[in-house]
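Architecture and fold: a report
Next come the chains, spelled out residue by residue.
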Amino acid sequence: PPFQECGDGFDAFAHIGGEKSGGALYLPQVTAMDEMHKHYPRATFILSVLDTALWVERVNKWFSLSNFFKNTNLPEFNYPKGVLELEEFYTNHTTRVRDFVRANPSHTLIEINIDDDNAGVILGKSLGLNASCWRNAKILKKNNPQAPKIVQPTDISLLPKIQESTRNAQVVEPSRIQESPDISLRSQVTKFTKDTPYVQQSLKITEFTDISAILEQNLNLLTQQNILKLPRPIILLGLPKSGTTSIYKFFQCAGISSSHYCCSPGAIDHPPCYPKGTPSNERNYHLCGYCIKRNIYHGRAPFEGCGDTFDVFAQIDCEMNIWKKDEQNNKMVSSNSMYMPQVTELDNLHSHYPNATFILNLRDPASWEKSVRNWFQLASIFQMTDLPEYGYPKGKLALQEFYVNHTKRIRDFAKSHPSHALVEVNIEDEKAGENLAEAFGLSPSCWGQSNENGGRGK
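Presented here is a report on the structure given in the accompanying data block. (Residues numbered from 1 in each chain as written. Predicted model: local features only at pLDDT ≥ 70, side-chain atom pairs only at ≥ 80, totals over all residues. Heavy atoms only, no water.)

Take the pattern of salt bridges next. Any two side chains of opposite charge can pair if their charged atoms end up close together. Throughout the structure, instances matching the rule amount to 10 salt bridges. Here K61 ties to E57 by a salt bridge, and the two come within 2.7 Å at their closest N and O atoms. Residue K61 and its partner E57 are located together in helix α3 (residues 52-61), separated by 4 residues, close to a single helical turn. Look at K61 and you get partly exposed, because its relative accessible area is 34%. Put simply, D99 and R102 hold a salt bridge, and the shortest N to O gap is 3.5 Å. Placement of the pair is D99 and R102 together in helix α5 (residues 86-103), with a separation of 3 residues, close to one helical turn. Here D99 falls in the partly exposed class, since its relative accessible area comes to 42%. Residue classification places R102 among the partly exposed positions, given a relative accessible area of 32%. (Salt bridge = Lys/Arg side-chain N within 4 Å of Asp/Glu carboxyl O. Helix = DSSP H or I, 4+ residues; strand = E, 2+ residues; numbered from the N terminus. Buried < 20%, exposed > 50% of the residue type's maximum accessible area, 1.4 Å probe, protein only.)

Printed below as a string of C-alpha cells:
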C-alpha cells in the first residue's frame, strides 16, 4: 500500500509529492490515484485550490520549484518534459481529481480555496473540527518572496452566527450550478445530491456550490452531515434482539435522525407506528419492514417514502403475514413470519445506497437465542419463517446456527462490496458505547442498553 511504513499512524497526509533524482517532481496525486483508490477505497480527498495565475506566481517564486516542474516528464498526463505550461497543467489536474471522485464515489472529496476568507470555517465544518485552528502559512512577502510569513487566524466571527442560526434553519436543496473555469471565484464545499429521496442526506461529493448558499439555506443539513465520520445512511444489519433499541437511542441522543421498527415521520420506536387517522388498510405501511418490502416490489429504492429524512435505520425487519402458494392443494395460504431485508435484500440495499455504512450488531449466539425465546411469540415466528435459500427452511428452529451464518454472510458481503464501511459492535461488550462512539465520532455518554429484563439485554 502507498502509505505502508510512511509513518503508519498518520491520519492526514497533507503533502505527498516531492523532488526526485534528475531534478524532477514525483506527484502521486497525479500518477498514483488508482493505487490509492485500490488500497484506500474510502479515503477522504482534499483538493486545495487557489487562483491559477496566483499559483503559477507562487511556483515561480518558490526557490527552484519551476525548474523542477520543467524537468518533470508526465506525457500521459499532458505534461511532457521541457514544457512549462503551468496554468494548463493546474487546470487539468483540478478537473482530473474531480472526475476521478465522480468515477469512484466511495471517496469523499472536499474542495477548499485556501485564499478564501472562510476557508477555515469551510474546512472545519466539513471535517467537524474547530475553525480556530486555521492558519494561512507560507504566504509570500511581496518584497521578499523567499521569506514565509505566518498570518493571524482568518476571521471566524461567522462561526457563532452559523451555530446559532442552525436552530431554526430550513433545509433547502442547493441549486444546481455550472462549474466555473475560474477557481478563484468560488468558495467550495460539498454539495449534497438528491439523486433519490434519501441520497439528499448522503455525504457524497460530486458537485459544488457556493458556500454562502450552504450557510444561509442549508445550515441544519450541513451541521448534521459533518457530525459523523462515516457516510449515511447508516443501516443496522444485525438480527432483531441484538441491541437495536440501544443503538437507535444512542444515535437519537446524539441528535442524528433515526428510525427503529417504525418509519413514519415523527414516529416513536414501537407500535403503533402509524399517525392518528391512518386507514386500517394502510397502517402496516408505516413499519420499516413493510415500507421496504412494498418499495422493492414496486421497483423503488428501499427507503423511499419510509420517513425519507432518517439517517439511521436501526431495525428494518418486522413480522408480517406472508402469502405463498401451497403446492399440495394449489391454494394461497398465509403465515406469520419474519421479513428480514438484512438477510434477503443486501444486493438491493447496495444497488441504491452503494456508500451506506453498515452496522453489524452482535451478541453471544446463545444469549441471542435466549432473548428471542423470551420475547413474546418471536421464536414461533422464526419457526414459521421460510428462507431455504439462506439455510433456514420453514419449521426449523436452529436459531444459533442461523445467527452465526448471518454474521458470516454480512462480513463476506462487506468484503466483496468495499464501498461500504462495516462497523461491528458487540452489544454485550462493556466498551460497546466507546467503540460505537469512536467509529462515528460521537460521545459515548449516549450509550445505554435498552429493553433489558433481569440483566438480560433485549
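And the narrative resumes.
We now examine the packing of helix α14 (residues 365-373) against helix α16 (residues 399-416). Between α14 and α16, whose axes approach to 9 Å, the crossing angle comes to 125 degrees. Here α14 is positioned oblique relative to α16, judged by the angle of their axes. Crossing angle aside, the handedness with which α14 passes α16 is right-handed. Two secondary-structure elements touch here, α14 through P365, A366, W368, E369 and V372 and α16 through L399, Q400, Y403 and V404. Its residues assigned to classes, the contact of α14 with α16 comprises 7 nonpolar, 1 polar and 1 charged. (Axes fitted to C-alpha atoms, helices over the stretch in contact; angles between N-to-C directions. Parallel < 35°, antiparallel > 145°, perpendicular 65-115°, else oblique. Left-handed = near helix turned anticlockwise from the far one by under 90°. Contact = heavy atoms within 4.5 Å. Nonpolar A, V, L, I, M, F, W, Y, C, P; charged D, E, K, R; others polar.)

For the rest of this paragraph, the subject is the sheet that holds strand β11 (residues 312-313). Pairing within the open sheet is parallel, and its 5 strands lie in the order β10-β11-β9-β14-β15. Edge positions in the sheet fall to β10 (258-259) and β15 (421-426), since each of these pairs with one other strand and no more. Examined bridge by bridge, strand β9 (residues 234-236) and strand β14 (residues 357-362) share 3 bridges and lie parallel to one another. Bridge pairing in β14 places I235 opposite F358. Relative to β14, α16 is tilted by about 155 degrees, and along the sheet it contacts β14 and β15. (Pairing = 2+ DSSP bridges.)

Tracing the chain through its elements places R42 in the loop between α2 (33-39) and β3 (44-49). What makes R42 partly exposed here is its relative accessible area of 40%. Among all residues touching R42, those that are not within four sequence positions of it are S106, H107, P418, S419, H420 and A421. At a separation of 2.4 Å, a polar atom in the side chain of R42 contacts the main-chain carbonyl oxygen of P418. Within the structure, the side chain of R42 is placed 2.5 Å from the backbone oxygen of H420, a separation counted as a polar contact. (Polar contact = N/O pair within 3.5 Å; in protein donor to acceptor, adjacent residues only side chain to side chain.)

The next subject is the packing of aromatic side chains. Under the counting rule described, the total for this entry stands at 17 aromatic pairs. Residues W55 and F69 carry aromatic rings whose centres are separated by 5.6 Å and whose planes lie at 85 degrees to one another, so their mutual orientation is edge-to-face. In this pair, W55 sits in helix α3 while F69 sits in helix α4 (residues 65-71), placing the two residues 14 residues apart along the sequence. Of the two residues examined, W55 and F69, each falls in the buried class. (Phe/Tyr/Trp six-rings, centres within 6.5 Å; stacked < 30°, edge-to-face > 60°.)

By size, the foremost hydrophobic cluster in this structure holds 46 residues, and its most contacted members are I235, F303, M340, F382 and F402. Those elements that provide at least two residues to this core are α11 (288-297), β12 (318-326), β13 (331-339), α13 (346-352), β14, α14, α15 (378-384) and α16. (Core = buried A, V, L, I, M, F, W, Y, C linked by side-chain atoms within 4.5 Å.)

The omega torsion of the bond from R232 to P233 falls at 0 degrees, within 30 degrees of zero and hence cis. In this fold, P233 is placed in the loop between α9 (219-225) and β9. The backbone of E5 shows a phi angle near 65 degrees, a positive value even though the residue is not glycine. The phi dihedral of Y261 falls on the positive side, at around 75 degrees, and the residue is not glycine.

Moving on: α3. For α3, the set of buried residues is T52, W55, V56 and V59. The arc enclosing the buried residues of α3, seen along the axis, measures out at 100 degrees, which places them on a common side. Where the residues of α3 are buried, they touch α4 and α5. With a side-chain oxygen positioned 3.2 Å from the backbone nitrogen of A53, the residue opening α3 is D51. Positive backbone phi, approximately 45 degrees, marks F63, located one or two places after α3. (Arc of directions from axis to C-beta.)

Right, let's get into a nonpolar patch on the surface. Taken together, the side chains of I46, L127 and L129 define a hydrophobic patch exposed on the protein surface, amounting to about 280 Å² of accessible area. Judged by relative accessible area, I46 falls into the partly exposed class, the value being 45%. (Patch = residues over 30% accessible without salt bridge, like charges linked within 9 Å, V, L, I, M, F, W, Y side chains within 5 Å. Areas by Shrake-Rupley, 256 points an atom, 1.4 Å probe, with all protein chains shown as cover.)

With respect to the secondary-structure elements, E76 resides in the loop between α4 and α5. When its relative accessible area of 56% is taken as the criterion, E76 is described as exposed. Considered as a pair, E76 and T31 are 45 residues apart in the sequence and their alpha carbons are 9.1 Å apart.

For the rest of this paragraph, the subject is the state of the cysteines. Scanning all chains against the criterion turns up 3 disulfides. Here C263 engages in a disulfide with C288; their sulfurs sit 2.1 Å apart. Between C263 and C288, the S-S torsion sits near 95 degrees, and that sign places the bridge as right-handed. With C263 in the loop between β10 and α11 and C288 in helix α11, the pair connects residues that are 25 residues apart, well separated along the chain. Residue classification places C288 among the buried positions, given a relative accessible area of 0%. Bridging C291 to C306, the disulfide has an S-S length of 2.0 Å. Negative torsions about the S-S bond denote left-handed disulfides, and the value of about -100 degrees found for C291 with C306 makes this one left-handed. Taken together, the positions of C291 in helix α11 and C306 in the loop between α11 and β11 put the pair 15 residues apart, joining distant regions of the chain. Considered together, C291 and C306 belong to a single accessibility category, that of buried residues. Free cysteine: C318, not disulfide-bonded; nearest cysteine sulfur from C288 at 8.4 Å. The class for C318 is buried, based on a relative accessible area of 0%. (Disulfide = S-S within 2.5 Å.)

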